[in-house]
Amino acid sequence: MMSKLESKEDKMLEVQFVGDDDVLNHILDREGGAKIKKERAQLLVNTKKIIKKPEYDLEEDDQEVLKDQNYVEVLGRHVQESLKNGSATDGGNKVYSFQNRKHPEKMAKLASELAKTPRKSVSSNLKSDPEITIDIPQCSKGHSASDKVQLKNNDKSEFLSTAPRGLRKRLIVPRFHSDSESEYSASNSEDDEGVAQECEENTNEVILSEQIQAQNRVVSAPVCKETPSKKMRRDKTSDLVEEYFEAHSSSKVLTSDRTLQKLKRAKLDQQTLHNLLSKVSPSFSAELKQLNQQYEQLFHKWMLQLHLGFNIVLYGLGSKRDLLERFRTTMLQDCIHVVINGFFPGISVKSILNSITEEVLNHMGTFRSVLDQLDWIINKFKEESSLELFLLIHNLDSQMLRGDKSQQIIGQLSSLRNIYLIASIDHLNAPLMWDHAKQSLYNWLWYETTTYSHYTEETSYENSLLVKQSGSLPLSSLTHVLRSLTPNARGIFRLLIKYQLDNQDNPYYIGLSFQDFYQQCREAFLVNSDLTLRAQLTEFRDHKLIRTKKGTDGVEYLLIPVDNGTLTDFLEKEEEEF
Amino acid sequence: MATSSVSKGCFVFKPDFKKRKISVPIEDYFNKGKNESEDSKLRFETYQLIWQQMKSETERLQEELNKNLFDSLIEFLQKSHSGFQKNSRDWGCQIKLREIPTAALVLGVNVTDHDLTFRSLTEVLQNNVTPYVVSLQAKDCPDMKHFLQKLASQLMDCNVDVQSKEKESVQVTQKKIHYSMDSLSTWYMSVTQKTDVKMPRKKRTPPSQWQSPPVVLILKDMESFTTKVLQDFIIISSQHLHEFPLILIFGIATSPVVVHRMLPHAVSSLLCIELFQSLSCKEHLTTVLDKLLLTTQFPFKLSEKVLQVLTNIFLYHDFSIQNFIKGLQLSLLEHFYSQPLSVLCCNLPEAKRRINFLSDNQCENIRRLPSFRRYVEKQASEKQVALLTNERFLKEETQSLLENLHVYHTNYFLVLRCLHQFTSSLPKYPLGRQIRELYCTCLEKNIRDSEEYASALQLLRMLAKDELMAMLQKCFKVFKSSSEKQLGNTAKRIEEFLAQFQSLDAEAKEEEEDTSESQSKGLQKTDLYHLQKSLLEMKELRRASKRQTKFEVLREQLVSFIDSLAREYLLLPETQPLHEVLYFSAAHTLRQHLNAAPRIALHTALNNPYYYLKVSTSHLSFHFISQ
C-alpha cells in the first residue's frame, strides 16, 4: 500500500493519503460486496498497527495511542461490569432498577468526554492546516458516485483525512464497525469464533460503535460547516444533557442475523425433528427433579390455601402442565374437578361454562347468554354449599382466554367460595390482564414454579419453525377432491394452478381476476358461461381449495391457498396419470 | 383419562359417588404438609379463631367508619324525598321537582373496596329508606336499552323480595319487553297502589313512612358510564320525575369535578347534587392497624419487614383495605403453618394452659429458638443447665417469659401511643403523622438511635406551653383509657406534670405583673436615642441572666421523662425472649405470594439458571459450552 510507505516520511502527508486511499477502498468495497469489504476493513486496521510501531519516537502520538487504549479498556471494563450486574442477580429486583440508574450517568459522562476530546484536536488541526478543509470536498466530489450511501461514507472518510493520527485511528476502527452495522453486522455471521467470545465482542461493539458514532457526528458537524470556529464555540457552551442525547440518538440496535434460514440444514419434517429431539438427553435432570420435588411439597399447602379462599396462580419459566397434572392426580382424586387447557386453540369461556353446567351440574337446559349461564352457576353454587369444584386452568393467559370478558367471567367464578381455581400463566405480560377489580375477584396467591420443562403439550397445536411445512396432507386431499370431479372442473383448476405457478416469483401476486379466468376457461372450451364457472368455483370453495379476495378495484381475485411446491407436485402427478 | 385431546379443551372429572368422601377436613391439609408437625390441629384451630376475630373486628370497623357517611346519606334522601311527598304548590318546590336529587359519593381510588361499601349501603337503604334500591355498573349498560332493561329487571326483583314470589313466570315474560320510562312509571304506580292496599292488611309496613317510597339508583362507577347514556337517562327521567320519584347516587372514584366534565350544563342543571366524601382509605388503614395490631387483644404481631411490605403494597399499589386484610390473613396463616410454637400464640391464660401440655419435641423447639438461647446464655450456670435439661422447669420459665412478653406489649403500645401524641403534631413530622409510621420506626431499630427521634425531641424542647399541655392532656387520656395498672406510675407522673404546668399559670401571672410594672416604668416619654439605649440595656440584661425560667425547666423535665419512657419500654421486639412465637417475620414469602414479579422470575431463570438449579457455576458453564 502506498500510504504505508509514505507514512514514514511525513505525518500530515500520510494522513491525507490514507484518507484518499480510504475513500477509494471504501468505494470499491461498496461495489465489491460485503465479504471483501470486511476483509479490507480488517486489513486496514492491521496496516495501521504496523504503521504505529516505527513511530514510537513521536511522543505525542504515543500518548494518544495510549489514551485510546485506555479508553477502549475502560469501555470494555464497563461493559463487563454491566454484564456482571445483569447476571449476578438472584432476588431479581436488582435486575432492572439499579443497572438502569447507573448506566445513563456513566454513559453521559463518557459521551461528554468523547464529545470534548476530539473537537479540540480537530480545531487545532484546522488551525494548523486550513487548506485541507478546502481540499477535501473536491476530492470527495471527484470520487463520489451519485449514490447517496456512498456520499455518506465519503463524508466519513473525509474526516479521517482531516483528523490527526490518534483520532484517525479512533475513526478507522469505528468505520469498520459502522459499516458492518449498516449491514446488520456481517461480523456476526462469522462461524469460526467461539460463541462466548463473540457474544462479548458484540456487546463491546455495540457500545463502541455507539460512542464512536456520536464522536463522528460531533466531529463532522464543525468540519462540514463553513465557519467551524463559531459553531464550536457554541458547542462548547452546550449542555452536557444535550451531548448525552446526541450520543444516544444515533444508537442503533444491533440485531443478530443468525436466522433460521441461514442454517445449513434444510428444514426437517415433523417426524425427523421429533426423532432428533427425542435423542437429546435432557441435561441437569437430577437438579430438575429436585426442583420439581420442591414444588410437590407445596401441594398440601396449596390445598389448604385454596380451601381458605385464596386462588393460586403459578408462574415461571417452563411448562407447568406436568406439575399441575401431578397435583391433580395426587390431591384431587376424590373431588370434582375440571381441567381446562387454555392453550387449546378452540377453547372459550362458553365451553368452560358449558362443561360446568352440563357435566358437573347435570343441567340440560340452554342459556340465552354467557352471563345468564354464569348467573345460573353462581346461584347454584351459592345454594348448594356442599358442592365443591376445582378448576385447573393451564395457561390462563392464552390467546382465547385473555380477553377482558373471559377474564371477568372466570374471575367471578373463582370468587365463589366453593370453586377453587389453580391456574398457570406463561406470558411475560400476563399480569396486565387483571386490573384491580379483577385481581380482587381472583384473590391470587402467586407461586413461582420455574420448571425448565418443555412446552411440548402446549405447543403441540402450533407449527414449529424448524419443521418444513411439507404439505403432504393438502396434496393427498387435493388429489382426492379432484378425482371426484368432472374432467372440465379438473381442467379449470389446472388452469388456475398453472397461472399461479407462472406468477410465483411475483411478490405482489394477489390472484387471478375472475374475468381473466373466465376468458381463459372459455378459450380452453371448459365452460360456456360465467354461471357454470361460478358453480364450479363454489365446489372448490366448499373444499377450501380456492380463496376469493376482493381487490382494491373491487374485482374478485382467485387464489389457491396451497404452497407452490405442493402445486408443482400435484401437476406432475396429474401429468403422470394422463 | 388423559387431559389432552385435539378436539376438546375442557375435561371434567367426577369421582364415583361411593368413593367420594364427605369432603376432607381442611385441617388434614394443614398438618400433612409437614412431616412432623406439632399440635397442628390445635394450631389450625387457633388460626381460625384468631382470623375470625380479626375479620369480624375489621367488619365492625368498616361499619363504624361508614356509619357517618350512611347516616348523612339517608338524611339527604329523606329530606329530598319529602319535598316530592308534600307536593305543595310552592313555586320553589315546583322548580325543585324538575331536579333529580343526586348524591355524589366520592369514594377514592381504592376501587376494590367500593363493592363492599355499596353492598352495605344497599342494605342500609333497604332497611331504612326504600325497598327499591337498584345498583348498576357501567359494564352492564353499554346503551340506553340495556340500561333500562337492567334497571327494570332489578326493580322487579326488589319488588318480588317485598311481595311474595308468586309471579315468577310473569317475571320471565316481562324480561323480554322493551322497557321505556313510561312503562316503568306505570309499573311504579301500580306497585305502590297495590302495596297501599295490601299494606294495612298484611301488616307488613315497609320501614319507610311514606306512601310512595323513592326509587334509589346507585351508579357504582360513574366515570366509566358512557356520557350519552347518562345524559339521555337523566333528561328522560327528569321528565318523569313527578310520577317516578328517582334519586341518584353516583359513585365517584376520582373527583367531583367529573360530574360536570361528563355532563353538559343543560343536563347537570337537572340534577340537584350534594357531595358526600367517604373516609380516606389511609385513615381507614390507620384505624385497622390500630385496632388489629397495636393492641393486646390479638396476640399475633407483624415484624417490621412484613408490616413494611403490607403497607407498601397498600400505599404504592392499590390503596385497598381488602387487600391489606388479605395480606394479614396470609401472614397469619403462614405464621401458624410454619412456626410449630405458634400454638402458644393465643391469649395468655390459654397459652399458659397449653404450655403444660407441650410435648418433648416442642420443648426442644423452644430451646432452639434463637431468642431463647440468648436468654439462656445470660442466666447463671445452674439455671442454664436446668433450662436445658429439665422440662418442668423449662415450662415454668416459658410461662413467665410469655407473661413478660405480654406485659411488654401492653406497656409498649401505651408508650407508643403516648409518644405518638407528642410527635404527631410537630412541624415537619419527623416521626411521621400516622401512628403506623412511628410503629414501623420503632420496630425497625431502637428508636432512640434514630436521627428523627433526636430531632423530634429537639422540637419538643421548643414547644409552647399550650401545645405541651394539650399533648399531655391527650396522653393522660390514653393512659386513663387503658385499664392496665402496669403504667399507673407513669399516668401519675403525667398528671403531676399537668398540675405543674397549670400552677405555672399562676406564677406566670405574677411574673407578668412584674413585667407590666417594669413596662409601666418604661412607658415614659422618651426620644429615640434613649429608647434605643434602654432596649440595648434590656438585651444585655437578658443575656446576662440567661437563667432558665421555671417553664423551661419543667419542659426539659418533661422531655427527659418522655425519653426515659421510650428507653424503658420501646425496646425492640427482637430483644424479647420467645418473640418468635408471636411475631411473623417471613416478609420474603409474603412478598412473593402477594406481589410477585413474573418478569423477573423469567429473567432470572434465563439469565442465571444457577439460581434455580443449585449446581456449581463452573459445572454449568462447562455444560453450556459443551452443548
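Residues numbered from 1 in each chain as written. Chains lettered and ligands numbered in written order. Predicted model: local features only at pLDDT ≥ 70, side-chain atom pairs only at ≥ 80, totals over all residues. Heavy atoms only, no water.

A short note on the overall build of chain B
A count of helical and extended segments in chain B gives 29 helices and eight strands. Here chain B holds 627 residues, and 46% of them are scored as buried. Residue pairs in contact within chain B that sit at least 24 positions apart in sequence constitute 78% of those at least 6 positions apart. Surface summary for chain B: the accessible area is close to 33400 Å², and the carbon and sulfur share equals 52%. (Helix = DSSP H or I, 4+ residues; strand = E, 2+ residues; numbered from the N terminus. Buried < 20%, exposed > 50% of the residue type's maximum accessible area, 1.4 Å probe, protein only. Contact = heavy atoms within 4.5 Å. Areas by Shrake-Rupley, 256 points an atom, 1.4 Å probe, with all protein chains shown as cover.)

Quick notes on the confidence of the model for chain B
Atomic detail in the predicted coordinates should be set aside for any region of low pLDDT. Residues and elements named next belong to chain B. Per-residue pLDDT for chain B averages 81, and the proportion of residues at 70 or more is 82%. Contacts from residues 161–175, a stretch scored under 50 in pLDDT, to residues over four places away or in other chains number 14 contacts. Of the two predicted TM-score estimates for the complex, the pTM is 0.68 and the ipTM is 0.83. (pLDDT = per-residue confidence, 0-100.)

Re the sheet that holds strand β7 (residues 547–550) of chain A
Read across the open sheet, the three strands follow the order β6-β8-β7 (chain A); overall the sheet is antiparallel. Taken across any chain shown, the strands that pair with only one partner, and hence form the sheet edges, are β6 (512–513) and β7 of chain A. (Pairing = 2+ DSSP bridges.)

Let's talk about the interface of chain A and chain B
Counting from both sides, the interface comprises 66 residues of chain A and, opposite them, 60 residues of chain B. Summed over both sides, the interface of chain A with chain B buries roughly 5800 Å², with 63% coming from carbon and sulfur. Sorting the residues of chain A by area buried against chain B places A:Phe284, A:Leu304 and A:Asp334 first, and these three jointly supply 11% of that buried surface. Counting the contacts that link chain A with chain B gives one salt bridge. B:Glu334 serves as the salt-bridge partner of A:Lys301, at 2.8 Å between the closest nitrogen and oxygen. One can count 13 residue pairs in polar contact (both at pLDDT 80 or more) joining chain A with chain B. Top element by residues in the side of chain A that touches chain B is helix α14 (residues 299–307) of chain A. It accounts for six residues. (Buried area = accessible area lost by both parts, 1.4 Å probe. Salt bridge = Lys/Arg side-chain N within 4 Å of Asp/Glu carboxyl O. Polar contact = N/O pair within 3.5 Å; in protein donor to acceptor, adjacent residues only side chain to side chain.)

Regarding the pairing of strand β5 (residues 444–448) of chain A
Residues and elements named next belong to chain A. Buried residues dominate β5, accounting for four of its five residues. Of the strand pairs in this sheet, strand β1 (residues 311–315) and β5 are connected by five bridges, and their pairing is parallel. Within the sheet, the bridge partner assigned to Tyr315 lies in β5 and is Glu448.

Looking at empty space enclosed by the protein
Residues and elements named next belong to chain B. According to the stated counting rule, one finds twelve cavities of 30 Å³ or more in the structure shown. Space inside the largest cavity adds up to approximately 140 Å³. Forming the walls of the largest cavity are Gln62, Leu65, Asn66, Leu107, Asn110, Asp113, His114, Thr117, Ser278, Leu279, Cys281 and His284. Breaking the lining of the largest cavity down by element, the ones donating at least two residues are α2 (40–86), α4 (111–128) and α11 (281–292). When grouped by side-chain class, the residues that make up the lining of the largest cavity number four nonpolar, seven polar and one charged. (1 Å grid on protein atoms, 1.4 Å probe; cavity = no way out; pocket = protein on both sides within 12 Å on 5 of 7 lines; lining within 4 Å. Points joined across faces, edges and corners; volume = space filled by probe spheres on them. Nonpolar A, V, L, I, M, F, W, Y, C, P; charged D, E, K, R; others polar.)

Examining the environment of A:Trp302
Along the polypeptide, A:Trp302 turns up in helix α14. Each C-alpha atom, one on A:Trp302 and one on A:Ile422, is 8.8 Å from the other, the two residues being 120 residues apart in sequence.

Considering helix α17 (residues 370–383) of chain A
Residues and elements named next belong to chain A. Between its first and last C-alpha, α17 extends 20 Å over 14 residues, near the 20 Å set by a 1.5 Å rise per residue. Taken residue by residue, α17 has Gln373, Leu374, Ile377, Ile378 and Phe381 as its buried positions. The buried residues of α17 occupy an angular sector of 135° when projected down its axis, which confines them to one face. More than 90 degrees from the buried face of α17, the exposed residues found are Lys382 and Glu383. On the buried face of α17, the contacting elements are α16 (349–360), β3 (389–394), α18 (404–414) and β4 (419–424). (Expected span 1.5 Å × (residues − 1). Arc of directions from axis to C-beta.)

So, the side chain of B:His114
You can see B:His114 is positioned in helix α4. Apart from residues lying up to four places away in sequence, B:His114 is in contact with B:Leu107, B:Gly108 and B:Ala253.

Side note on the sheet that holds strand β5 (residues 246–252) of chain B
Residues and elements named next belong to chain B. Strand order across the open sheet formed by five strands is β3-β4-β5-β2-β6, with parallel pairing between neighbours. Lying at the two open borders of the sheet, with one neighbouring strand each, are β3 (133–136) and β6 (271–277). The sheet shows a mean angle of 20° between the axes of neighbouring strands, taken without regard to direction. Judged from the seven bridges that link them, strand β2 (residues 100–106) and β6 form a sheet pairing that is parallel. Bridged to Ile100 within β6 is Leu271. Where α4 meets the sheet, it contacts β2, β3, β4 (215–219) and β5, and its direction lies at approximately 175° from that of β4. (Axes fitted to C-alpha atoms, helices over the stretch in contact; angles between N-to-C directions.)

Focus on the pairing of strand β1 (residues 10–13) of chain B
Side chains of β1(B) alternate between two faces, with B:Cys10 and B:Val12 and B:Phe11 and B:Phe13 buried alike. Here strand β2 (residues 337–341) of chain A pairs with β1(B) via four bridges, running antiparallel. Its bridge partner lying in β1(B), A:Ile340 is registered against B:Cys10.

Here's the deal with the environment of A:Thr479
All names here are of chain A. Mapped onto the fold, Thr479 is located in helix α20 (residues 472–483). The class for Thr479 is buried, based on a relative accessible area of 11%. Spatially, the C-alpha atoms of Thr479 and Glu574 are 8.6 Å apart, while their sequence positions differ by 95 residues.

Details of the packing of aromatic side chains
Counted according to the given criterion, the structure contains 33 aromatic pairs over all chains. Each ring, one from B:Tyr132 and one from B:Tyr188, has its centre 6.1 Å from the other, and the planes form 70°; the classification is edge-to-face. Residue B:Tyr132 is found in the loop between α4 and β3, and its partner B:Tyr188 is found in helix α7 (residues 181–202); the two are separated by 56 residues along the sequence. Per residue, the accessibility class of B:Tyr132 equals that of B:Tyr188, and both read buried. The rings of A:Tyr315, A:Trp434, A:Tyr442, A:Trp444 and A:Trp446 are connected pair by pair, giving a single aromatic cluster. Above the ring of B:Phe13, the side-chain terminus of A:Arg328 is found at 4.1 Å from the ring centroid. Residue placement shows A:Arg534 over the ring face of A:Phe514; its charged tip is 4.0 Å from the ring centre. (Phe/Tyr/Trp six-rings, centres within 6.5 Å; stacked < 30°, edge-to-face > 60°. Lys NZ or Arg CZ within 6 Å of the ring centre and 35° of its normal.)

Digging into the pattern of salt bridges
All names here are of chain B. Summed over the entire model, instances satisfying the criterion amount to 25 salt bridges over all chains. Between Asp290 and Arg417 there is a salt bridge, with the nearest N and O atoms lying 2.8 Å from each other. Of this pair, Asp290 sits in helix α11 while Arg417 sits in helix α18 (residues 391–423), and the two are 127 residues apart along the sequence. The exposure class of Asp290 is buried, given its relative accessible area of 18%. The residue Glu396 makes a salt bridge to Arg392 at a minimum N-O spacing of 3.9 Å. Linking Glu396 with Arg392, this pair stays in helix α18, spanning four residues, or about one helical turn. For Glu396, a relative accessible area of 44% gives the class partly exposed. Accessibility expressed as a relative area gives 63% for Arg392, which makes it exposed.

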